[in-house]
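Descriptive structure summary
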Amino acid sequence: MSPDSHVLVIGECVADVVRTDGAPDRVHPGGSPANVAYGLARLGRPATLLTELGPDENGRLIRAHLESAGVRVRAAGAARTPSAVVRLDDRGRAQYTFDIGWTFPPTALPGASASTGPADPAATPAAIHLGSIGAVTEPGAAAVLALVERWRGRTQISYDPNVRPALMGERAGAVRRVERCVALSELVKASDEDLAWLYPGERPDAVAERWLALGPAVVAVTLGADGAFARTAEGVRVEAAAVPVPVADTVGAGDSFTAAFLHARVSGEDLRTCLTHGVTAAALTVARPGANPPSAAELRAALTDGRERRSEAGAR
């Protein structure tokens, strides 16, 4: 993989305190952008994360976790590392209570000036991914979006709103902030739950169409057990069925989808292949606890197994 195929991810790290009845608390490195960076690195994609970390045990835990997969961490200092209590219900679904601040400072990307972008075209990342809290929470969001705007047109921009209602404020304002990010992006991924909160009563396909009109080339929507679909500005629509697996917990599944989809897209795969990689990576993640995305070898094996099962079914 060439050096200029790296992906830059911008956004928060969060220490997820996973809480289930009758079991001791477990602390896992989390935060949607951090999970995406980790998932990309697990798939062999060079990844850099611009983020904030505090000088505390949780910050050290998260940095060590990311660097263990090969993520390059560039962290501004924060008073403390953000945290979230994650409660799992009897179906493994997560509910979050957050203690998060986001004060990301104005910055430049590696090899670039803050005003003009890359001094060397080889320093341009293959993609920049942003999302979740870091893209919409002030005061840090302004610096994130200013950075992305400087790089728009030089590389593809990927965005996942990963909606957290407890942190989004009133809905109308949240929609405006999300739609600004959508308009900056070439690729947008969201879950049906994200869309249901942002646009109550609207079908996911209708929201995808609305967002495509703002400028993205592709909008992908995950549907949980119903798989995922993607639509393009040219009017193409593709679907992928979910991979049936026993659910351990759903923490990080959407981020694994995003990492695998973006990795395949940067590799030049077609849309259907990107979608298949995404749903397969998500399935591998929900089948085991702790937001543990697949390695490149695990994803390849699962994709091969899926092709073989479809071939056998077609031969019957």
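Along the chain, the position of Ser185 falls in the loop between α6 (171-184) and β12 (187-191). A polar contact is formed between the side chain of Ser185 and the backbone oxygen of Cys181, at a distance of 2.7 Å. The contacts of Ser185, once residues within four sequence positions are left out, are Ile157, Ser158, Tyr159, Gly215 and Pro216.

On to the pairing of strand β1 (residues 7-10), then. Burial along β1 is two-sided: Val7 and Val9 facing one way and Leu8 and Ile10 facing the other are all buried. Alignment of β1 against strand β4 (residues 47-53), held across four bridges, turns out to be parallel. Across the sheet, the residue bridging to Ile10 is Leu50, located in β4. With four bridges joining them, β1 and strand β10 (residues 127-131) adopt parallel strand pairing. Directly across from Val9, in β10, lies its bridge partner His129.

Right, let's talk about the pattern of salt bridges for a bit. Inspection of the entire model under this criterion finds 13 salt bridges. The salt bridge involving Arg42 is made with Glu298; its shortest N-O contact spans 3.4 Å. Of the two residues, Arg42 sits in helix α1 (residues 32-42) while Glu298 sits in helix α11 (residues 296-315), which places them 256 residues apart along the sequence. The exposure class assigned to Glu298 is partly exposed, which follows from its relative accessible area of 31%. Asp99 is paired through a salt bridge with Arg80; the nearest N and O atoms lie 2.7 Å apart.

Spatially, the nine strands line up as an open sheet ordered β5-β4-β1-β10-β11-β12-β13-β14-β15, and their pairing is mixed. At either margin of the open sheet sits one strand with a lone partner, and together these are β5 (72-77) and β15 (237-240). Recorded for the sheet is a direction-independent mean angle of 15° between the axes of neighbouring strands. Its contacts with the sheet place α1 against β1, β4, β10 and β11 (156-160), and it is angled at close to 160° to β1.

What follows covers the pairing of strand β2 (residues 14-19). Within β2, five of the six residues are buried, which leaves it mostly tucked inside the rest of the structure. Counted along the chain from β2 to the antiparallel partner strand β3 (residues 26-30), the turn is six residues long, and its residue Gly22 has a positive phi close to 80°. As judged from the five bridges shared by β2 and strand β6 (residues 83-88), these two strands associate in the parallel manner. Counterpart to Arg19 in the pairing with β6 is Arg87.

Below, the discussion takes up the sheet that holds β3. Sheet strands associate in pairs through backbone hydrogen bonding, adopting either a parallel or an antiparallel arrangement. Taken together, the four strands give an open sheet; going across it, the order is β3-β2-β6-β7, and neighbouring strands pair in mixed fashion. With one partner strand each, in any of the chains shown, β3 and β7 (94-99) form the two edges of the open sheet. Neighbour-to-neighbour, the strand axes of this sheet turn through a mean angle of 30°, independent of strand direction. By the bridge criterion, six bridges tie β6 to β7 in an arrangement that is antiparallel. Its bridge partner lying in β7, Arg87 is registered against Gln95. Taken strand by strand, helix α2 (residues 57-68) contacts β2 and β3, and its axis lies near 55° from that of β3.

Here the chain shows a mean pLDDT of 88. Residues at 70 or above account for 89%. Segment residues 311-316: pLDDT under 50, and zero contacts once partners within four positions in sequence are set aside and those in other chains are kept.

Further remarks concern unusual backbone geometry. Omega for the bond connecting Glu138 with Pro139 falls within 30 degrees of zero, at 10°, which places this linkage in the cis form. Secondary-structure assignment places Pro139 in the loop between α3 (133-136) and α4 (140-151). Positive phi outside glycine occurs at Ser132, with the angle close to 60°. Tracing the backbone through its elements, the reader meets Ser132 in the loop between β10 and α3.

For the rest of this paragraph, the subject is the packing of aromatic side chains. On inspection of all chains with the given rule, the structure shows three aromatic pairs. Both rings, one in Phe257 and one in Phe261, keep their centres 5.7 Å apart while their planes meet at 25°; by these two values the pair is stacked. You can see Phe257 and its partner Phe261 sitting in helix α9 (residues 253-266), four residues apart, about one turn around the helix. Exposure class is identical for Phe257 and Phe261. Each is buried. One cation-aromatic arrangement involves Arg237 over Phe229; the distance from NZ or CZ to the ring centre is 4.4 Å.

Reading the values: rules and limits
Residues numbered from 1 in each chain as written. Predicted model: local features only at pLDDT ≥ 70, side-chain atom pairs only at ≥ 80, totals over all residues. Heavy atoms only, no water. Helix = DSSP H or I, 4+ residues; strand = E, 2+ residues; numbered from the N terminus. Polar contact = N/O pair within 3.5 Å; in protein donor to acceptor, adjacent residues only side chain to side chain. Contact = heavy atoms within 4.5 Å. Buried < 20%, exposed > 50% of the residue type's maximum accessible area, 1.4 Å probe, protein only. Pairing = 2+ DSSP bridges. Salt bridge = Lys/Arg side-chain N within 4 Å of Asp/Glu carboxyl O. Axes fitted to C-alpha atoms, helices over the stretch in contact; angles between N-to-C directions. pLDDT = per-residue confidence, 0-100. Phe/Tyr/Trp six-rings, centres within 6.5 Å; stacked < 30°, edge-to-face > 60°. Lys NZ or Arg CZ within 6 Å of the ring centre and 35° of its normal.

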